[in-house]
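Here's the letter readout for the chains.
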Amino acid sequence: SQFLTEVQGGSDVGANDTRAWQDENGHWFIRGEKWFCSNANAELMVISARRSMDRLGTKGLSMFLIPATKPDGSRNDFTMRRLKEKLGTRALASAEIDYHDAYAIPLGENFNFMLEKVVHHSRIAITTAVLGLVTRAYQLSHDFAKTRIAFTNNIFNYPLVKENLAKVKADFTACQAGIFELVALQDKIDTGYYDGETDELETIAFSRLMVNIGKSVISKRTVDNIHHCVDGIGGNGAIENTSSMPRLMRDAIILENWEGTHNTLYMQVLRDIHKYQHDKIYLQVMAQKIASLGESQSAARQLCEQKLAELAAKLQDLHDSDDDVQTLKIQAVVSLMANLFYYVSLIIEGEDQAENDAVDNKLKCAELFFSLFLNQGELVKDDAYLALCAQVVAQA
């Protein structure tokens with residue numbers, strides 16, 4: 001497990017005050033507290049601690065590994081002050097932990113180690129986890145609709161039920177395509193294997209950008225989508241002993257705030273745009289992805305090119321704005337970056353599915369996703385729209 005949070009810090013990690021000190025034999029020890037320790041009974045804990053009092057903020061923090069047992073086999077010197085009663089993820093014990101000069105192993109001399117090696121991977125894992133939650137919620141709601149009879153008709157045949165399910169499925173299917181693309185990129189980064197056309201620094205930068213964006217956008221929409229799945233089951237969706245929906249909902253809310261709140265992630269993306277020009281890297285990478293779409297998707301390619309040009313204009317407007325106004329505008333930029341990436345990723349998967357399996361369900365999901373999240377203007381709801389929703393939910 002990994003513990004960052006301290007009561008006075010929260011998202012302001014630079015305010016952390018837990019201390020690290022070294023004895024005359026070169027061994028390191030930790031003294032202080034961590035306020036929100038999830039998976040508190042882990043055998044290995046990665047934590048941040050301040051080894052330098054002369055350097056303020058995160059620059060004075062270093063990373064340490066605290067094993068549950070010391071090298072001599074005895075229990076390490078930390079205690080759990082109390083367990084926390086939390087809304088969700090109850091399968092993992094969360095606690096407040098006090099470190100009484102606990103034996104520790106240094107991992108890195110600066111906080112970037114935590115961001116690059118721990119938090120980054122954890123954000124990928126959390127995004128994947130919430131997509132698992134909403135996929136399960138959709139299955140439950142879909143199966144219920146297929147078997148529930150109301151007003152002498154199977155409720156799956158009602159247009160409002162189909163639309164509700166179709167919106168949820170189109171969204172999480174596109175988001176899954178995006179996160180699986182990021183997992184593939186992370187494999188390249190972790191293994192160091194790049195093909196001749198791939199730039200290593202560009203790949204790392206794009207991965208960092210989209211992981212931070214995805215953690216915010218997907219976790220937020222997952223809570224809404226699970227809520228819609230609960231609505232689809234009605235009162236039974238709120239009963240603990242007949243449905244796992246309440247647990248899925250609670251866990252999604254908790255995961256939404258783990259590893260950075262939305263505002264924290266917006267600000268990190270904004271800083272990375274200014275410091276590392278992540279916006280330019282995004283435009284370059286997405287232009288290449290859009291250009292790679294097959295001839296059968298020429299219409300989708302034109303739509304993507306239009307959206308990429310729209311994003312470029314939004315980014316220029318962002319740069320031209322005052323600093324405070326930029327913090328307000330970054331959310332819309334992040335949403336467009338996310339939605340365009342997920343749409344293109346799903347089109348690529350859909351092309352492969354249609355070619356190899358003769359199935360176009362992912363392409364139908366992509367079509368609905370574009371109408372919901374990328375199309376400007378009022379959503380036109382007509383016979384064609386209803387038929388599209390029916391095609392999206394035809395397969396569970």
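Right above here is the structure, for reference.
Let me begin by describing the structure that accompanies this report. (Residues numbered from 1 in each chain as written. Predicted model: local features only at pLDDT ≥ 70, side-chain atom pairs only at ≥ 80, totals over all residues. Heavy atoms only, no water.)

We now examine the side chain of Glu 163. When you line up the elements, Glu 163 lands in helix H2 (residues 159–191). Side chain to side chain, Glu 163 and Lys 381 meet in a polar contact 2.8 Å long. If we ignore the near neighbours within four places in the chain, the residues touching Glu 163 are Lys 381, Tyr 385 and Cys 389. (Helix = DSSP H or I, 4+ residues; strand = E, 2+ residues; numbered from the N terminus. Polar contact = N/O pair within 3.5 Å; in protein donor to acceptor, adjacent residues only side chain to side chain. Contact = heavy atoms within 4.5 Å.)

Bringing helix H7 (residues 298–320) into the picture now. Under the 1.5 Å per step criterion, the end-to-end length of H7 is 33 Å for 23 residues, consistent within 8% with the ideal 33 Å. Those residues of H7 that fall on the buried side of the exposure criterion are Ala 300, Arg 301, Cys 304, Lys 307, Leu 308, Leu 311, Leu 315 and Leu 318. In this structure, the buried side of H7 is in contact with helix H5 (262–276), helix H6 (278–291), helix H8 (323–357) and helix H9 (361–373). (Expected span 1.5 Å × (residues − 1). Buried < 20%, exposed > 50% of the residue type's maximum accessible area, 1.4 Å probe, protein only.)

Below, the discussion takes up the nonpolar core. Among the nonpolar cores identified, the biggest contains 83 residues, and Phe 206, Ile 213, Ile 226, Tyr 282, Ile 330, Tyr 342 and Tyr 343 are the most heavily contacted of them. Once you skip the residues sitting within four places of it in the chain, Phe 206 turns out to touch Leu 185, Ile 281, Tyr 282, Val 285, Met 286, Lys 289 and Phe 341. Among the nonpolar cores identified, the runner-up in size contains 17 residues, and Ile 47, Ile 66, Ala 95 and Tyr 99 belong to it. (Core = buried A, V, L, I, M, F, W, Y, C linked by side-chain atoms within 4.5 Å.)

Side-chain pairing between opposite charges can occur once the charged atoms of the two side chains come close. Enumeration according to the criterion identifies 20 salt bridges in this entry. Here Arg 250 makes a salt bridge to Glu 240, at a shortest N to O gap of 2.6 Å. With a gap of ten residues between them, Arg 250 in helix H4 (residues 245–257) and Glu 240 in the loop between helix H3 (200–233) and H4 connect regions that are remote in the sequence. A salt bridge links Glu 310 to Lys 307; the nearest nitrogen and oxygen atoms lie 3.1 Å apart. With Glu 310 and Lys 307 both in helix H7, this residue pair falls three residues apart, about one helical turn. Taken together, the shared-partner salt bridges connect Glu 33, Arg 81, Arg 82, Lys 84, Glu 96 and Asp 98 into one network. (Salt bridge = Lys/Arg side-chain N within 4 Å of Asp/Glu carboxyl O.)

For the structure on display, the rule yields nine aromatic pairs. Summarising the aromatic geometry, the rings of Phe 206 and Tyr 282 are spaced 6.0 Å apart at their centres and angled 25° between planes, so their arrangement reads as stacked. You can see Phe 206 sitting in helix H3 and its partner Tyr 282 sitting in helix H6, a full 76 residues away along the chain. Taking the ring centre of Trp 35 as reference, the NZ or CZ of Lys 84 above it sits at 4.1 Å. For Lys 146, the ring lying beneath its charged end belongs to Phe 156, and the centroid distance is 4.5 Å. (Phe/Tyr/Trp six-rings, centres within 6.5 Å; stacked < 30°, edge-to-face > 60°. Lys NZ or Arg CZ within 6 Å of the ring centre and 35° of its normal.)

Where H6 meets H7, the closest approach of the two axes is 10 Å, and the angle between their N-to-C directions is 175°. One element, H6, and the other, H7, form an angle in the roughly antiparallel class. Here Asp 279, Tyr 282, Leu 283, Met 286, Ala 287, Ile 290 and Ala 291 of H6 lie close against H7, whose contacting residues are Arg 301, Cys 304, Glu 305, Leu 308, Leu 311, Ala 312, Leu 315 and His 319. Here the residues of the contact of H6 with H7 are counted per class, giving eleven nonpolar, one polar and three charged. (Axes fitted to C-alpha atoms, helices over the stretch in contact; angles between N-to-C directions. Parallel < 35°, antiparallel > 145°, perpendicular 65-115°, else oblique. Nonpolar A, V, L, I, M, F, W, Y, C, P; charged D, E, K, R; others polar.)

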